[in-house]
Amino acid sequence: KVFQAVVSFVGQDGTIYVIPKSFESELKKLMTEIQNSFKCLGLLEDYCWKKGEACVVRGSDTMWYRGKVLELGGTSLQVQYIDLGCVETVLQCHLYPTTLYTAVPPFCIPCQLYKTVPIGNFWQQDAVNCLQELLTNEEVEIHVQELPDDNPCGKLSVSLYFGGISLASFMAYQKYCVAEDCEDIPKMGLLGGDTPGLPSYVLPLLPIPGDTFPVRVTHLVSPKEVYICLDSSENLVKQSAAEEDASSDSKLESLDEALKLCNENVESVPFLTHFRTEMPCLVEYQDGLWYRAKVLSVEKYAPVQILVQFVDYGSFSVVPTNRLRHIPSYLLKYPVQAIRALLAGFKPASYDENVQRIPYSPEWSMEALWAMMECVEGKQLSASILALSPEVTISLYGDDKNLVHMKLIEMGLADLDE
């Protein structure tokens, strides 16, 4: 049996409570009936509660839910929301005893991972935190492996998949448990590398080596490594013959126009749930707009944080999954705007341990990076390609027609490299 479900709660013992998608309409109907039946504030007079007694409990959202008393104690009781699985300590004034809905089975199903043993034979707190971050309120796919034993209130043994990834394999990879069937660990998520058939961006046509052409620097990795965009007048979109034959209503004159249209209708574009290296996508930037990007790697797993690169600027960002969407196919027809290039003619100055360094490129000082930024940001620049392989290598000229790196050499932040 395979079914789609939403995880409603993950218990401290690692029990995963799921509500099958097929139950959602019936649960909604029952909840409406309960709200109509109970409009009081709870039971205000003394009442002798019993363990296992059915009740309705008023949640923090002021809604009434079906509940069951688990533990007694003074003015508060430990209660389980039987349609969600969660357990709370609740004041008696927020409860009301009732047998109205006891004939309706709970809508949530308690599950445990099939043939999976947590480290130490119980789920450690950090593992439980990871499960809660990954799964709560998320839609998952459940593969039933074993029904509960003779106990009808037992747990279902399942294989659970989130975003196409096996949960047991993921938790084993994170060293939280040992899973018997985890042969898919090396293939999980981004760990599998490139995926055959993955759509890709169109690469830009570069000018002929030796020609000088106007450029803008859109991102600096180091003084030596930059991302450039060709001047818009030089970087006209060249459509292939196949695109020319496409229906005229699918054509847009420019990438900016296409992105504007996409942003106006972005709510209709589904979020990304499966991640692969180099996968094209849309990413929401700090300005609230969505831009073309590609997935590079998973930086963090609980919660999931994805490293992406904006392909039209070259810059990088680490974002949560709710800021990634699928990319409409018409946005793939435009060549990427940002070109990675190495600057020729200079090298880092002699290493000085007392100077602050770029963490990811320690051969360069931070002062050299700031100086290069001042030379190129917002400036009318020009470039000439010296080599196309193994990497694009250029000479970069400032608006005064001089090589931009000469400023760094004058400041003692770089040396000439013949």
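Residues numbered from 1 in each chain as written. Predicted model: local features only at pLDDT ≥ 70, side-chain atom pairs only at ≥ 80, totals over all residues. Heavy atoms only, no water.

By the naming in an unreviewed UniProt entry, the protein goes by RING finger protein 17 and is assigned to Todus mexicanus. Reading the Subunit (unreviewed entry) entry of the UniProt record for the protein gives the comment "Interacts with MXD1, MXD3, MXD4, MXI1 and PIWIL1. Self-associates." (UniProt positions renumbered as here; feature names shortened; annotations may be inferred.)

Next up on the list: the overall build of the protein. Broken down by element type, the protein carries seven helices and 27 strands. Looking at the protein residue by residue over its 418 residues, the buried ones come to 43%. Taking contacts inside the protein between residues at least 6 apart in sequence as the whole, the part at least 24 apart equals 59%. Accessible surface for the protein amounts to roughly 22900 Å². Of this, 53% is attributable to carbon and sulfur atoms. (Helix = DSSP H or I, 4+ residues; strand = E, 2+ residues; numbered from the N terminus. Buried < 20%, exposed > 50% of the residue type's maximum accessible area, 1.4 Å probe, protein only. Contact = heavy atoms within 4.5 Å. Areas by Shrake-Rupley, 256 points an atom, 1.4 Å probe, with all protein chains shown as cover.)

Moving on to the sheet that holds strand β5 (residues 76–81). The strand order across the open sheet built from five strands is β6-β5-β4-β3-β7, with neighbouring strands paired in antiparallel fashion. Edge strands, defined here as strands with exactly one partner in the open sheet, are β6 (87–91) and β7 (95–97). Between one strand axis and the next, the sheet turns by 45 degrees as a mean value, whatever way the strands run. Relative to β7, strand β3 (residues 54–58) is paired through three bridges, and the arrangement is antiparallel. Note on β7: the bridge partner recorded for V57 is L95. Sheet strands in contact with helix α1 (residues 24–37) are β3 and β4 (64–71), and its direction is about 85 degrees off that of β4. (Pairing = 2+ DSSP bridges. Axes fitted to C-alpha atoms, helices over the stretch in contact; angles between N-to-C directions.)

The next thing to look at is the pairing of strand β2 (residues 16–20). The side chains of a regular strand alternate, residue by residue, between the two faces of the sheet. Among the five residues in β2, five count as buried, and that is most of the element. Of the two faces of β2, the one holding I16, V18 and P20 and the one holding Y17 and I19 are both buried throughout. Bridge analysis of strand β1 (residues 2–10) against β2 gives five bridges, and the strand direction is antiparallel. Pairing of F9 across the sheet is with Y17, part of β2. Connecting β1 to the next strand, β2, in antiparallel fashion are five residues, including G14 with a positive phi near 90 degrees. The pairing of β2 with strand β8 (residues 109–113) spans three bridges and is classified as antiparallel. When the sheet's bridge partners are listed, V18 is paired in β8 with I109.

Turning next to the pattern of salt bridges. In the structure shown here, the tally under the stated rule is eleven salt bridges. Here K21 makes a salt bridge to E139, at a shortest N to O gap of 3.7 Å. Taken as a pair, K21 in the loop between β2 and α1 and E139 in strand β10 (residues 139–146) lie far apart in primary sequence, 118 residues in all. We classify E139 as partly exposed; its relative accessible area is 44%. Among the salt bridges present, the one from E180 reaches K115, with a minimum N-O distance of 3.3 Å. (Salt bridge = Lys/Arg side-chain N within 4 Å of Asp/Glu carboxyl O.)

Quick look at helix α2 (residues 125–135) now. Within α2, burial applies to A127, V128, C130, L131, L134 and L135. With its buried residues spanning 160 degrees around the axis, α2 presents them on a single face. (Arc of directions from axis to C-beta.)

Glancing now at the sheet that holds strand β26 (residues 393–397). One closed barrel accounts for five strands, arranged β14-β15-β21-β26-β25; its pairing is mixed. Neighbour-to-neighbour, the strand axes of the sheet open up by a mean angle of 60 degrees, direction not taken into account. Sheet topology places strand β15 (residues 225–230) next to strand β21 (residues 338–343); five bridges connect them, and they run antiparallel. Pairing of I228 across the sheet is with I339, part of β21. The sheet strands contacting helix α6 (residues 366–376) are β14 (212–220), β21, β25 (381–387) and β26, and the helix crosses β14 at an angle near 135 degrees.

Moving on, we come to a nonpolar patch on the surface. Together, V117, I119 and V178 make up an exposed nonpolar region whose accessible area comes to about 240 Å². Examined against the element boundaries, V178 turns out to sit in strand β13 (residues 177–179). (Patch = residues over 30% accessible without salt bridge, like charges linked within 9 Å, V, L, I, M, F, W, Y side chains within 5 Å.)

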